[in-house]
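# Structure at a glance
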Amino acid sequence: MLAVARIERKQHLEPDDVGAISQLLAAATAADEHQPLDDHTWLDLVQGGRGDFAALVAWEGGHPHPVGYAQVTRGADSWAVEYVIDPHHRVPGNTVGVDLLAEAGRLIAQQGGGHVHLWVGRSGPQSDRVAAAIGLRPGRTLYQMRRRLPVEPELVLAPLPPTRAFVPGRDEEEWLEVNNRAFEWHPEQGGWDLATLKERESAPWFDPEGFLVYEDGGRIAGFCWTKVHAEHDPPLGEIYVIAVDPGVSRRGLGRGLTLAGLDHLSRKCVPVGMLYVDAGNLRAVKLYVDLGFVVNHIDQAYVGDIAPG
Ligand SMILES: CC(C)(COP(=O)(O)OP(=O)(O)OC[C@H]1O[C@@H](n2cnc3c(N)ncnc32)[C@H](O)[C@@H]1OP(=O)(O)O)[C@@H](O)C(=O)NCCC(=O)NCCS
């Protein structure tokens, strides 16, 4: 008979916990070719956590290591939940995921309840069931798309738009204006402030040479920000953020800037281009499909409300 997992709640992780959970994350990343948790949340928790975090560690009798892990974060107006199950414990009928989510649901209810977002990488029927265990239903769908590099010359229909590297300390304000106008409707990419941008600029992967800026009349009018995932095998070159100022859209600039970003990545000998796009962003999806990108996998958000309890 399959055991029900014992779930430990923690506000702070001891070095032993961090070691054991890091091993679990590494095993899941290798099995799924996908990082199971948001890096920032995990690192914050490892570095001591704050009051608005909780870690849930799942144990099963007979196994000296955690069999699953979830983290719950209270945001400004909603809760974020993420979970990961040891690849060896993803057998039919195993309840680790459901047990972790049930505990997350109890914790959120005890803290006053609220709106909940659960992001699952490489989602499927199993994650649908786990989310349903606490009444969450599918929300946003994100495609991860990829294509081999370099791009075939016949796809380059016009000369690439001239771009320059982003200049830290000078371009921030103007870039933020364009980004926030183009992504006004977007829950995560819109409404960025200087602190958010500076935080990305200080990330180890940040490279201004890969942050291509296009100017029109001396003002930033579009950009293609790339990010190289050198640790991935094979290395992936991500189109991290791309946008065109709404005032100059539909002139072929989006296509040109995507190609310019891919060209930059090819020159760095990155063999695969990758990007994330909302399934509902039909303009962008059409653009990427036209450029030979295909869906590699789907990440799914599950959403719902938990009553106080
Ligand atoms: C997606 C985006 C970069 C496209 O830039 P753009 O300069 O308008 O696009 P292009 O002129 O190069 O057009 C590319 C294709 O998209 C299509 N397209 C562009 N705008 C469109 C619109 N409003 N409705 C339908 N299709 C549209 C065009 O038909 C074109 O295909 P075609 O070559 O067959 O005509 C731009 O719309 C944008 O910045 N959007 C907001 C930010 C965003 O969504 N970024 C992508 C996140 S993954």
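Residues numbered from 1 in each chain as written. Predicted model: local features only at pLDDT ≥ 70, side-chain atom pairs only at ≥ 80, totals over all residues. Heavy atoms only, no water.

Further remarks concern the site of the ligand. Looking at the ligand, there are 22 residues lining it, with V244, G252, G254, N281 and K286 nearest. At 2.7 Å, a backbone N or O of G254 approaches an oxygen atom of the ligand. When the ligand sits alone it has 910 Å² of accessible area, and the protein chains cover 77% of it. Taken together, the elements giving at least two residues each to the shell around the ligand come down to β10 (236–244), α7 (253–267), β11 (272–278) and α8 (282–290). Here the shell around the ligand gets six residues from one element, more than from any other, and that element is α8. Residues of the shell around the ligand, tallied by class, amount to twelve nonpolar, four polar and six charged. (Near = heavy atom within 4 Å. Polar contact = N/O pair within 3.5 Å; in protein donor to acceptor, adjacent residues only side chain to side chain. Areas by Shrake-Rupley, 256 points an atom, 1.4 Å probe, with all protein chains shown as cover. Helix = DSSP H or I, 4+ residues; strand = E, 2+ residues; numbered from the N terminus. Nonpolar A, V, L, I, M, F, W, Y, C, P; charged D, E, K, R; others polar.)

The next subject is the pattern of salt bridges. Overall, the coordinates contain 19 salt bridges when judged by the stated rule. For the salt bridge of E8 with K10, the shortest nitrogen-to-oxygen distance reads 3.8 Å. Its relative accessible area of 16% is what places K10 among the buried residues. For D171, the salt bridge identified is with R164, shortest N-O distance 2.8 Å. Since its relative accessible area comes to 3%, D171 is described here as buried. The class for R164 is partly exposed, based on a relative accessible area of 23%. Shared partners join several salt bridges into a network, and the residues in it are R164, R170, D171 and E215. (Salt bridge = Lys/Arg side-chain N within 4 Å of Asp/Glu carboxyl O. Buried < 20%, exposed > 50% of the residue type's maximum accessible area, 1.4 Å probe, protein only.)

Here we come to the pairing of strand β6 (residues 137–148). As paired strands, β6 and strand β12 (residues 294–306) are joined by eight bridges and run antiparallel to one another. Within β12, the position partnered with R146 by the bridge is V294. Pairing geometry for β6 and β11, over seven bridges, is antiparallel. For L142, the partnering residue across the bridge sits in β11 and is D278. (Pairing = 2+ DSSP bridges.)

Limitation: the analysis is restricted to geometry and does not speak to function.
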